[in-house]
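Fold and contact review
So the chains spell out like this:
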Amino acid sequence: MAKHEHVRVAVIGSGFGGLGAAVRLRREGITDFVVLERADSVGGTWRDNSYPGCACDVPSHLYSFSFAPNPDWPRTFSGQRHIRAYLEHVADTFGIRPHLRLNHEVLRMEWDAEALRWRIETSSGSFTADVVVSATGPLSDPKIPDVPGLDGFPGKVFHSARWDHDYDLRGKRVAMIGTGASAIQIVPAIQPEVGKLTLFQRTPPWVMRRMDRAISGPERWLHRRLPVTATVRRGLLWGIRELQVGAFTKHPGELGLVEKLAKANIAKAVKDPVLRARLTPSYRIGCKRILLSNTYYPAVAQPNVDVVPGLKEVRGSVLVASDGTETEVDAIIFGTGFQVTDMPIAPRVIGADGRSLAEHWKDGMESLRGATAAGFPNWMTIIGPNTGLGNSSMILMIESQLNYMADYLRQLNVLGGRAALAVRPSAVGAWNRKVQQRMERTVWKSGGCDSWYLDANGRNTTLWPGTTGEFRRETRQVDLSEYEVVRAPAPVGATARPARKKEAAS
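Note that this is a predicted model, so its numbers are computed, not measured.

Moving on to the sheet that holds strand β13 (residues 311–315). Strand pairing in a sheet is mediated by backbone hydrogen bonds. Such pairs are either parallel or antiparallel. The strand order β13-β14-β15 describes an open sheet built from three strands, whose pairing is antiparallel. In this open sheet, the two strands that pair with only one neighbour each are β13 and β15 (326–328). Averaged over all adjacent pairs, the angle separating strand axes in this sheet is 25°, with direction ignored. When strand β14 (residues 318–321) meets β15, the two strands line up antiparallel, connected through three bridges. Paired with L319 across the bridge in β15 is T327.

Here is the structure:
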């Protein structure tokens, strides 16, 4: 490969967002692009998370691209292996392989105001691009808490997203730190084989039953022969979740019935009243992500499992809980989530004023329609601020953002010449004020919990406070009044009147 390559578009990441962007670019007739991926294969979070029991909590027919239906999903909620295989299939089917640049971790990207392009340095070469589409995803870089004494632990330590498959857990004394979506899948998967499992729980999650089953051969045959049946199935799954949104975003009191069902789920599986009380949350259901499992509570109730408060410190091989409980373990598994509100790519993106995206976002992430950030011309993000969901499929939001990306590129083509679009700070401010105003009514703000949805200032900068249909309408096309057109400076010595650096878009 040449040491330097210029492309029309550089896509960062090859998970659902990055591959979706690549497919959409090709469908728009744009083939001058690369997909920069730091790993040696595609898949994003579904490549990195290979822990025992890893699966999706969104039905498979909804957790897939509308333009790439899969009639052969094996289960209603498919596992990591099948989702990763689906993404590999998408890369093959839509001709994305020639555009992939694997083992190319982006180290720095900087806006060149003179050339109106991005200069990108990667671990395997440099690039320039007219437009950057960042699809690194919020679930990409694991977060391990700063626990006193952890450096001195003599045993094995790893995060759920960096599972050590060479380490044999059989008969070991294992500590599971955290009770989020990964932990409730890991605990039932490893409980039968470990000697002792200690679950360190800061706050118990609400866990509902998972309506999972194998998809029968006749069903798959029908979806292959009559694709419209899979489309109808997807539409029903989408519609049900759209109807649920109001309870999360406008009327949290309506979640009371769901809470009763969740409590009944605990009571059915956990007979010990002390343990049952320990596993019952005190906040409104939905304030944190509602988790789905049929096996978590039965596993936690087994004799070789202890549930203790959150981890306070490590003393050699002894872990100390916040209530002083001491447990000696051989291995520590962190299921403590990801860097979500402090996007890991942000310090590496340098904007028009020479400051990084992390500096711009030091008081909280903000963007226009989850896509563009003030001070960063011709830069877009997929799954940006306030695009997450609490009850439906992120693929729906990704496809909406791909619509926006496509129209953004069309607008640049219409402008012609060397031009860039820079979102107006006033437009970003207006959009975010509206989003945060709506957020006040949601269960995520009023439900009485402290979740990873909130940043250090207590603002929910991750979730979308509306339906996926509404978001699609908001991102159907670019409103040029929200942008300024940036033109390249005139050449030195030119006789023509120099163009202004910025002109109002119309």
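It is worth spelling out the sheet that holds strand β12 (residues 305–309) at this point. As summarised here, the arrangement of the five strands in space is β7-β16-β8-β9-β12, forming an open sheet in which the pairing is parallel. The two strands at the open ends of the sheet, each matched to only one other strand, are β7 (156–159) and β12. Neighbouring strand axes in the sheet, compared pairwise and without regard to direction, differ in orientation by 20° on average. Judged from the four bridges that link them, strand β8 (residues 173–177) and strand β16 (residues 331–334) form a sheet pairing that is parallel. Note that in β16 the partner of M176 across the bridge is I333. Along the sheet, helix α4 (residues 183–190) makes contact with β8, β9 (196–201) and β16, crossing β8 at roughly 165°.

It is worth spelling out the environment of A135 at this point. Looking at where A135 falls in the secondary structure, it is placed in the loop between β6 (125–134) and β7. Beyond its immediate stretch of four places on either side in the chain, A135 contacts I12, G13, G17, G18 and I382.

Another aspect to go through is the pairing of strand β19 (residues 419–423). Counting buried positions along β19 gives five out of five residues, so the element sits mostly inside the fold. Residues A419, L421 and V423 line one face of β19 and the alternating positions A420 and A422 line the opposite face, and both faces are buried. In this structure, β19 lies alongside strand β20 (residues 483–487), joined through five bridges in antiparallel fashion. The residue of β20 that forms the bridge with A422 is E484.

A separate point is the state of the cysteines. Summed over the entire model, instances satisfying the criterion amount to one disulfide. Two residues share a disulfide in this structure: C287 and C449, whose sulfurs sit 2.0 Å from each other. Where C287 bonds to C449 through sulfur, the torsion about that S-S bond is close to -90°, and the disulfide is left-handed. Pair noted here: C287 is in the loop between α8 (273–279) and β11 (291–292) and C449 is in the loop between α13 (443–446) and α14 (468–474), with a separation of 162 residues, a long-range link. Judged on exposure class, the residue C287 and its partner C449 are both buried. Of the cysteine sulfurs around C54, a residue in no disulfide, the closest is that of C56, at 8.8 Å.

What follows is about the nonpolar core. Of all hydrophobic cores here, the largest spans 106 residues; its most connected members are F16, F65, I190 and V300. Per-element tally for this core: the top contributor is helix α11 (residues 394–415), with eleven residues. In terms of nonpolar packing, the next biggest core, distinct from the first, is built from 28 residues, M109, L116, A129 and M365 among them.

With that settled, the discussion passes to the pairing of β13. Here four bridges tie β13 to β14, and the two strands are oriented antiparallel to one another. Bridge assignment links R315 to a residue of β14, and that residue is V318. Hairpin connection between β13 and β14: a loop of two residues separates the two successive antiparallel strands, and G316 in this loop has a positive phi of roughly 65°.

We now examine a nonpolar patch on the surface. The grouping of W221, L222, L226, V228, V232 and L236 at the surface amounts to a nonpolar patch, some 570 Å² of accessible area in total. Only α5 (217–225) and α6 (227–249) provide two or more residues apiece to the nonpolar patch. With three residues, the top contributor of residues to the nonpolar patch is α6. In this structure, V228 sits in helix α6. Taking the relative accessible area as the measure of exposure, V228 reaches 53% and is therefore exposed.

About the cut-offs
Residues numbered from 1 in each chain as written. Predicted model: local features only at pLDDT ≥ 70, side-chain atom pairs only at ≥ 80, totals over all residues. Heavy atoms only, no water. Pairing = 2+ DSSP bridges. Helix = DSSP H or I, 4+ residues; strand = E, 2+ residues; numbered from the N terminus. Axes fitted to C-alpha atoms, helices over the stretch in contact; angles between N-to-C directions. Contact = heavy atoms within 4.5 Å. Buried < 20%, exposed > 50% of the residue type's maximum accessible area, 1.4 Å probe, protein only. Disulfide = S-S within 2.5 Å. Core = buried A, V, L, I, M, F, W, Y, C linked by side-chain atoms within 4.5 Å. Patch = residues over 30% accessible without salt bridge, like charges linked within 9 Å, V, L, I, M, F, W, Y side chains within 5 Å. Areas by Shrake-Rupley, 256 points an atom, 1.4 Å probe, with all protein chains shown as cover. Salt bridge = Lys/Arg side-chain N within 4 Å of Asp/Glu carboxyl O.

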